[in-house]
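Letter by letter, the chains look like this.
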Amino acid sequence: LESNSGKFINFPDVLIAFQVFNKQSNCKKLLTPFLDGKFKNIVAFSDGCVDSSADKLHSLLPGKNHIVIQANDVHEIKNYRMSLDIAKNFGCKFVLLLQDDDLYQKNIEKWIEEACFHIENKNISIVGGCSGMNLAKDFKYISADKDFSSAYFNHSIDKNGQEFYMLGKYEKALIPQIKQIKNLNQYKYVACVNRSPQLISVDVAMDLNFFPESYEPYQYDDYFNCFISWENNYKVILLPYLGLKPLGIGGMRLYNNVNKFNRPKHLARNWNFVLERFGKFINSGQLQELVDKSNEDD
């Protein structure tokens, strides 16, 4: 890396894709490690902002391949899909999906290098750095009905020490346990990873039609992207990133499943899209068997 150069030339294969919602005061903090690291390719979506986030982003991003897009509250799926086209235009192999809820440190560069290595060498489509989930073999995942919007969200630990969450009778997700160590060598194959940070392969994403339009404006597209990857012999890993500093819940991270008083109608719709497309793959145990076998063989 030529970090002493005034030019933005580093990580030419990676597009950094930010989403910002009314976070003008945090824009500089969000961008600092990537500007200090002289990242060549950055796109920042000022999505639905009514503050001066877009102006602030413009003032902070001086590179030739630094772009600010002021969007009319189109939400994350459309923005991330657009980022794939921008990445392709810039000749990038990877997109790093980020939101405005977290701050990153300089060591994000090491995590990106590690994540790129895994994608290029292990037939992996997506690397998550924050959290993920596996499927419970003793649970039948069912479609949403009229009770979905008021279903109780339960986050617990069972008698065997397995952490999990359940959304009523519809979903049970097992939380992968990975010991976080400084050298970032610890990772696990998982059924799904959540944003962000999330590094994806541009070619795989475009080939498998990640971020489907039908799921807009948001929710469960990460399930779609991960499940269709496993279905097509691509793998998904959780590689915990150390150094993440959460800014709190807000912006793009709404935790709609948790708050039954804040669940829009499209959540049930999108959950049914997942079950219609992958229900057999999930409930047969085939998907989780692929995940478990990958962990055993690695």
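Located above this text is the structure these notes cover.
These figures come from a predicted structure and were not determined experimentally.

A. Examining the overall build of the chain more closely. What the chain contains, in helices and strands, is 8 helices and 15 strands. Relative to a compact globule of 298 residues, whose C-alpha radius of gyration would be 19 Å, the chain shows 19 Å and is just as compact. Principal axes of the C-alpha set define a box for the chain whose edges measure 55 × 45 × 35 Å. By residue count, 55% of the 298 residues in the chain fall in the buried class. When contacts within the chain are restricted to residue pairs at least 6 apart in sequence, long-range pairs at least 24 apart make up 80% of them. Averaging the positions of the 35 positive and the 35 negative side-chain charges in the chain gives two centres separated by 3 Å.

B. Structural view of the nonpolar core. Within the largest apolar cluster, 99 residues are counted, with the highest numbers of intra-cluster contacts made by Ile 16, Phe 34, Trp 111, Ile 112, Leu 199 and Phe 227. In terms of residue count, the dominant contributor to this core is helix H7 (residues 265-283) (8 residues).

C. View of the pattern of salt bridges. Applying the stated criterion across every chain yields a total of 12 salt bridges. Glu 216 is the partner of Lys 78 in a salt bridge, and the nearest nitrogen-oxygen pair spans 3.9 Å. Residue Lys 78 is located in helix H3 (residues 75-90), and its partner Glu 216 is located in the loop between helix H5 (202-207) and helix H6 (221-231); the two are separated by 138 residues in the primary sequence. On the accessibility criterion, Lys 78 (30% relative accessible area) is partly exposed. Of the residues examined, Glu 216 reaches a relative accessible area of 17% and is grouped as buried. A salt bridge links Lys 146 to Asp 147, with the shortest nitrogen-to-oxygen separation between them at 3.4 Å. Each of Lys 78, Arg 81 and Glu 216 takes part in a single network of salt bridges with overlapping partners.

D. Main features of the side chain of Asn 41. Structurally, the position occupied by Asn 41 is in strand S2 (residues 39-47). Here Val 14 takes part through its backbone oxygen, which lies 3.3 Å from a polar atom of the side chain of Asn 41. There is a polar contact of 2.8 Å between the side chain of Asn 41 and the side chain of Asn 65. Asn 41 has contacts with Phe 11, Pro 12, Val 14, Leu 15, Ile 16, Asn 65, Phe 90 and Cys 92, leaving out every residue within four places of it along the chain.

E. Representation of the sheet that holds strand S6 (residues 124-128) within the structure. Read from one edge to the other, the open sheet built from 8 strands follows the order S3-S2-S1-S4-S13-S6-S14-S11, with strand pairing classed as mixed. The open sheet has two free edges, formed respectively by strand S3 (66-71) and strand S11 (188-189), since each of these has just one partner strand. Pairing analysis gives 4 bridges linking strand S1 (residues 10-20) to strand S4 (residues 94-97), with the strands arranged parallel. Directly across from Leu 15, in S4, lies its bridge partner Val 95. Contacting S1, S2, S3, S4 and strand S13 (198-201), H3 crosses the sheet at an angle of about 160 degrees to S1.

Reading the values: rules and limits
- Residues numbered from 1 in each chain as written.
- Predicted model: local features only at pLDDT ≥ 70, side-chain atom pairs only at ≥ 80, totals over all residues.
- Heavy atoms only, no water.
- Helix = DSSP H or I, 4+ residues; strand = E, 2+ residues; numbered from the N terminus.
- Rg over C-alpha atoms; globule rule 2.2 N^0.38 Å.
- Buried < 20%, exposed > 50% of the residue type's maximum accessible area, 1.4 Å probe, protein only.
- Contact = heavy atoms within 4.5 Å.
- Lys, Arg positive; Asp, Glu negative; His and termini not counted.
- Charge placed at Lys NZ, Arg CZ, Asp CG, Glu CD.
- Core = buried A, V, L, I, M, F, W, Y, C linked by side-chain atoms within 4.5 Å.
- Salt bridge = Lys/Arg side-chain N within 4 Å of Asp/Glu carboxyl O.
- Polar contact = N/O pair within 3.5 Å; in protein donor to acceptor, adjacent residues only side chain to side chain.
- Pairing = 2+ DSSP bridges.
- Axes fitted to C-alpha atoms, helices over the stretch in contact; angles between N-to-C directions.

Interpretation in functional terms is not warranted from these geometric data alone.
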